[in-house]
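Listed here are the chains, written in short residue letters.
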Amino acid sequence: MCAHCFLQCLAGPFSKMAQDSVGFSSDYQFWMQKLSVWDQASTLETQQDTCLHLPRFQEFLRQVYEVLKEMDSNTIIERFPTIGQLLAKTCWNPFILAFDESQKILIWCLCCLINKEPQNSEESKLNSWTRGLLSHILSAFRFDTKEVGLFTQGLGFAPADYCPGLLKNMVLSLVSELRENHLNGFNTQRRMVPEKIRFLSRVCIPLVTLPDIEPLVEALLIYHGHEPQEVLWPEFFDAVNEAFLLKKISLPISAVVCLWLRHLPSLEKATLHLFDKLISSQRNFLRRIECFLKDSLLPEAACHPAIFRIVDEMFRYALLETDGAPEVLAAIQVFTRCFVEALEKKNKQLKFTFKTYFPYASPSLVMMLLQHPKEIPQELWHQPLKHISEMLREMVEDQTHGSYGGPFECWFLFVHFGGWADIAAEQLVMSEAEPPEALLWLLAFSYSPRDRSLQRAQTMTEVKAVLGHLKKLFRSPTLSAKDLQAAAAESQDRDPRPPLCQKLIRRLILNFLLWAPGGHVIAREVITLMAPTDELTHEMTGLLDQTLYRWDHLCMEAPKSRKLARELLEELCLAGTAC
């Protein structure tokens with residue numbers, strides 16, 4: 001839609017009710033005669049007379065619009081057979097078009113003549129003729145009157161720039177009026193009536209992608225009146241949201257927040273649009289996911305608790321529907337990381353407590369999870385891990401903490417900050433001490449939250465046994481792939497390991513390869529043995545990407561391990577379809 005169309009839509013219901021029919025008819029005849037005189041003569045006296053009458057004629061145009069807007073096109077032609085002549089003469093008078101709001105009121109009057117569904121050739125001809133007049137008004141003028149050319153140049157416009165300049169001024173005027181309206185509050189004498197605001201939003205619907213209209217779109221979104229119900233058209237929100245998601249318009253974060261707060265379907269659509277992007281390719285690395293998330297503005301907008309809660313609820317639903325798919329878990333963790341970064345940047349002194357974002361979680365657990373490992377010495381990481389594990393275990397296994405939800409709610413909170421589980425897996429492999437029960441429980445819970453206490457205890461026993469074998473091999477000078485395979489092998493006198501327990505052990509083996517001095521030599525052979533299928537190759541790729549992403553954020557000093565992880569990731573991508 002071109003900029004021209006915006007001018008046709010801005011007239012709106014600006015005027016008072018029309019005068020009685022007798023007075024209107026008298027005025028109608030008077031102005032028809034005036035327009036004929038002005039049209040036939042271009043003397044200085046005629047121009048002076050035109051300028052003298054411009055305010056009155058504009059008021060008359062307001063009255064015409066008030067009358068026409070109540071009728072359909074056919075009724076208008078029947079009641080006012082010469083209305084076309086009057087409007088056509090007005091369209092060709094540059095002095096009228098240049099005066100105040102006359103141009104936009106005239107455009108709206110012409111729009112009343114258009115029949116949306118012409119039934120015959122006559123109605124189609126009228127539509128074509130009317131659109132021709134609109135095109136004339138809204139196109140770049142070729143002024144034939146020398147005085148008018150000098151007039152527009154004196155205003156700082158070349159003739160071809162006149163309409164864009166007028167459009168810009170009209171938009172700025174409306175933006176200023178909306179802002180004043182917001183500041184005036186309950187001062188009803190100076191407020192813009194809700195009907196006018198609602199109408200502005202309606203006529204902006206097909207025009208939201210015009211760059212010149214963006215200030216008005218932003219002002220409408222940010223405007224907050226005192227009406228009990230939403231004054232803007234739902235279709236306006238839909239159009240703006242669609243244009244924003246498709247990158248056809250650019251909006252500041254304040255306007256985007258207002259859009260999503262005032263129209264929840266737009267927020268839901270934005271979140272689903274993000275989900276579509278995240279699953280559109282075979283493999284999205286965490287850096288790419290982070291780019292998608294930041295580009296969507298959802299983490300930044302989620303600094304408002306209402307938006308965070310809705311987006312978080314949609315992540316919860318996606319997690320349940322996919323049975324905890326790794327891709328969804330990764331997206332939740334990256335979203336939380338971006339959200340916390342935005343929150344810290346925006347609120348040096350937090351406007352909202354974290355309780356408003358996680359209302360059903362233990363505040364002390366939330367604050368513990370929010371600690372950034374980077375700010376804690378690496379040799380002390382076991383302390384927050386121990387506290388997190390103990391708090392979670394108490395809530396999961398002690399029924400008296402029902403106010404914080406069941407195991408799933410505790411796990412859902414924990415996966416937001418899943419980096420702690422990754423650190424626990426590394427700590428268990430690298431530490432020479434006996435594996436702490438707290439860390440074993442934390443890993444078993446993070447990988448299989450639905451397990452009951454007995455099942456979780458069995459997983460902890462399996463993991464502890466594997467860790468015992470790995471510790472013996474950690475400093476071995478003659479490490480082989482068979483040694484590692486034997487260390488991870490299942491015991492013959494026990495039940496087969498559940499799939500999630502097997503996945504956890506593969507994670508520990510990968511950490512061993514990255515950190516053990518001899519692990520680098522046999523890493524490729526072990527990976528080949530561990531990932532014989534596309535599904536397992538996909539899993540290994542995700543684990544390596546997750547590890548590198550976390551190390552980057554923690555600024556980990558591990559050049560050999562980092563180099564190996566990057567090489568393994570590249571080789572897995574080249575060998576299969578994981579990327």
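Below: a short report on this structure. Bear in mind the structure is a predicted one, so any value in this text is a computation, not a measurement.

1. Topic: the overall build of the chain
Next, step 1: Scanning the chain from terminus to terminus reveals 30 helices and zero strands.
Next, step 2: Across the 579 residues of the chain, 50% fall into the buried class.
Next, step 3: Approximately 28900 Å² of the chain is accessible, and the part contributed by carbon and sulfur atoms is 55%.

2. Brief notes about the packing of helix α21 (residues 382-397) against helix α22 (residues 407-416)
The relative placement of two packed helices is expressed as an angle between their axes plus a distance between the axes.
Next, step 1: α22 packs onto α21 with a crossing angle of 155° between their chain directions and a minimal axis gap of 9 Å. Accordingly, the angle class assigned to the pair α21 and α22 is roughly antiparallel. Considering only the axes of α21 and α22, their crossing is right-handed. In this structure, α21 contributes Ile-388, Leu-392, Met-395 and Val-396 to the contact, and α22 contributes Pro-407, Cys-410 and Phe-414.
Next, step 2: When the residues that make up the contact of α21 with α22 are grouped by side-chain class, the tally is seven nonpolar, no polar and no charged.

3. A few points about the nonpolar core
Next, step 1: In this structure, Phe-236 and Trp-260 are the most contacted members of the largest nonpolar core, which totals 152 residues.
Next, step 2: If you tally residues by element for this core, the top one is helix α19 (residues 326-346), at 12 residues.
Next, step 3: Residues lining this core come from more than one domain, with at least three contributed by each of domain 2 (152-262) and domain 3 (479-578).
Next, step 4: If we skip the residues at most four places from it in the chain, Trp-260 touches Asn-241, Phe-244, Ser-266, Leu-267, Ala-270, Ser-296, Leu-297, Leu-298, Ala-301 and Ile-307.
Next, step 5: Membership of the second largest hydrophobic core comes to 37 residues, among which are Trp-31, Leu-61, Trp-108 and Leu-113.

4. Some details on the pattern of salt bridges
Side chains bearing opposite charge may pair, as long as their charged atoms lie close to each other.
Next, step 1: A full pass over the atoms with the stated rule returns 28 salt bridges.
Next, step 2: A salt bridge links Arg-450 to Asp-323, with the nearest nitrogen and oxygen atoms 3.2 Å apart. Pair noted here: Arg-450 is in the loop between α24 (437-447) and α25 (453-474) and Asp-323 is in the loop between α18 (305-321) and α19, with a separation of 127 residues, a long-range link.
Next, step 3: Arg-450 gets classed as exposed once you look at its relative accessible area, which sits at 63%.
Next, step 4: It is possible to trace a salt-bridge network through shared partners that takes in Arg-287, Glu-290, Lys-294, Glu-341, Asp-552 and Arg-562.

5. What to know about helix α7 (residues 102-113)
Next, step 1: Taking 1.5 Å as the rise per residue, α7 with 12 residues should run 16 Å; its terminal C-alpha atoms sit 17 Å apart, in good agreement.
Next, step 2: Taking burial as the measure, the 12 residues of α7 include 12 buried ones, the bulk of the element.
Next, step 3: Within α7, the full set of buried residues consists of Ser-102, Gln-103, Lys-104, Ile-105, Leu-106, Ile-107, Trp-108, Cys-109, Leu-110, Cys-111, Cys-112 and Leu-113.

6. Examining the layout of surface pockets
Next, step 1: Within this model, the largest pocket holds a volume of roughly 1300 Å³.
Next, step 2: Surrounding the largest pocket, 49 residues form its lining, Gly-324, Pro-326, Glu-327, Leu-329 and Lys-503 being those nearest its centre.
Next, step 3: Of the residues forming the lining of the largest pocket, the biggest block, eight residues, is contributed by helix α29 (residues 534-554).
Next, step 4: Of the residues in the lining of the largest pocket, the class split is 26 nonpolar, 11 polar and 12 charged.

7. Section: the environment of Leu-278
Next, step 1: Tracing the chain through its elements places Leu-278 in helix α15 (residues 264-278).
Next, step 2: Separated by 10 residues in the primary sequence, Leu-278 and Arg-288 place their C-alpha atoms 8.9 Å from one another.
Next, step 3: Once you skip the residues sitting within four places of it in the chain, Leu-278 turns out to touch Asn-284, Ile-289, Phe-292 and Ala-331.

8. Some details on the state of the cysteines
Next, step 1: For the structure on display, the rule yields zero disulfides.
Next, step 2: Its sulfur unpaired, Cys-338 is 9.0 Å from the next cysteine sulfur, which belongs to Cys-291.
Next, step 3: Residue class for Cys-338 comes out buried when judged on its relative accessible area of 4%.

9. As for unusual backbone geometry
A negative phi holds for most residues other than glycine; trans holds for most peptide bonds.
Next, step 1: Positive phi, close to 60°, is recorded for Lys-247, a residue that is not glycine.
Next, step 2: By the element assignment, Lys-247 lies in the loop between α13 (234-245) and α14 (253-262).
Next, step 3: Not every positive phi belongs to a glycine, and Leu-297 is a case in point at roughly 70°.
Next, step 4: Mapped onto the elements, Leu-297 comes out in the loop between α16 (286-296) and α17 (298-301).

10. Looking at the side chain of Gln-427
Next, step 1: Structurally, Gln-427 can be placed in helix α23 (residues 419-430).
Next, step 2: Under the relative-accessibility criterion, Gln-427 is labelled buried at 17%.

11. Notes on the packing of aromatic side chains
Next, step 1: In this structure the tally under the stated criterion is 25 aromatic pairs.
Next, step 2: Ring geometry for Phe-57 against Phe-60: centres 5.9 Å apart, planes inclined by 40°, an arrangement best described as tilted. In this pair, Phe-57 and Phe-60 are both assigned in helix α3 (residues 44-68), three residues apart and thus about one turn of the helix distant. For the pair Phe-57 and Phe-60, a shared accessibility class is recorded, and that class is buried.
Next, step 3: Centroid distance Phe-408 to Trp-411: 5.9 Å. Interplanar angle 50°. Geometry classified as tilted. Of this pair, Phe-408 and Trp-411 both sit in helix α22, three residues apart, roughly one helical turn.
Next, step 4: Among the aromatic residues, those joined into a ring-pair cluster are Phe-275, Phe-308, Phe-315, Phe-335, Phe-339, Phe-354, Tyr-357, Phe-358 and Phe-417.
Next, step 5: For the cation-ring pair, Arg-198 lies above Trp-233, with the distance from its terminal atom to the ring centre recorded as 4.3 Å.

12. Re the environment of Glu-375
Next, step 1: Inspection of the secondary structure puts Glu-375 in the loop between α20 (363-370) and α21.
Next, step 2: Spatially, the C-alpha atom of Glu-375 lies 9.0 Å from that of Leu-554, the residues being 179 residues apart in sequence.

13. Structural notes on the environment of Gln-455
Next, step 1: Its place among the elements puts Gln-455 in helix α25.
Next, step 2: Considering only alpha carbons, one finds Gln-455 and Pro-498, 43 residues apart in sequence, at a separation of 9.6 Å.
Next, step 3: Here the side chain of Gln-455 touches Arg-452 through a polar contact of 2.9 Å, landing on its backbone nitrogen.

Cut-off values and rules
Residues numbered from 1 in each chain as written. Predicted model: local features only at pLDDT ≥ 70, side-chain atom pairs only at ≥ 80, totals over all residues. Heavy atoms only, no water. Helix = DSSP H or I, 4+ residues; strand = E, 2+ residues; numbered from the N terminus. Buried < 20%, exposed > 50% of the residue type's maximum accessible area, 1.4 Å probe, protein only. Areas by Shrake-Rupley, 256 points an atom, 1.4 Å probe, with all protein chains shown as cover. Axes fitted to C-alpha atoms, helices over the stretch in contact; angles between N-to-C directions. Parallel < 35°, antiparallel > 145°, perpendicular 65-115°, else oblique. Left-handed = near helix turned anticlockwise from the far one by under 90°. Contact = heavy atoms within 4.5 Å. Nonpolar A, V, L, I, M, F, W, Y, C, P; charged D, E, K, R; others polar. Core = buried A, V, L, I, M, F, W, Y, C linked by side-chain atoms within 4.5 Å. Domains from an automatic or database assignment. Salt bridge = Lys/Arg side-chain N within 4 Å of Asp/Glu carboxyl O. Expected span 1.5 Å × (residues − 1). 1 Å grid on protein atoms, 1.4 Å probe; cavity = no way out; pocket = protein on both sides within 12 Å on 5 of 7 lines; lining within 4 Å. Points joined across faces, edges and corners; volume = space filled by probe spheres on them. Disulfide = S-S within 2.5 Å. Phe/Tyr/Trp six-rings, centres within 6.5 Å; stacked < 30°, edge-to-face > 60°. Lys NZ or Arg CZ within 6 Å of the ring centre and 35° of its normal. Polar contact = N/O pair within 3.5 Å; in protein donor to acceptor, adjacent residues only side chain to side chain.

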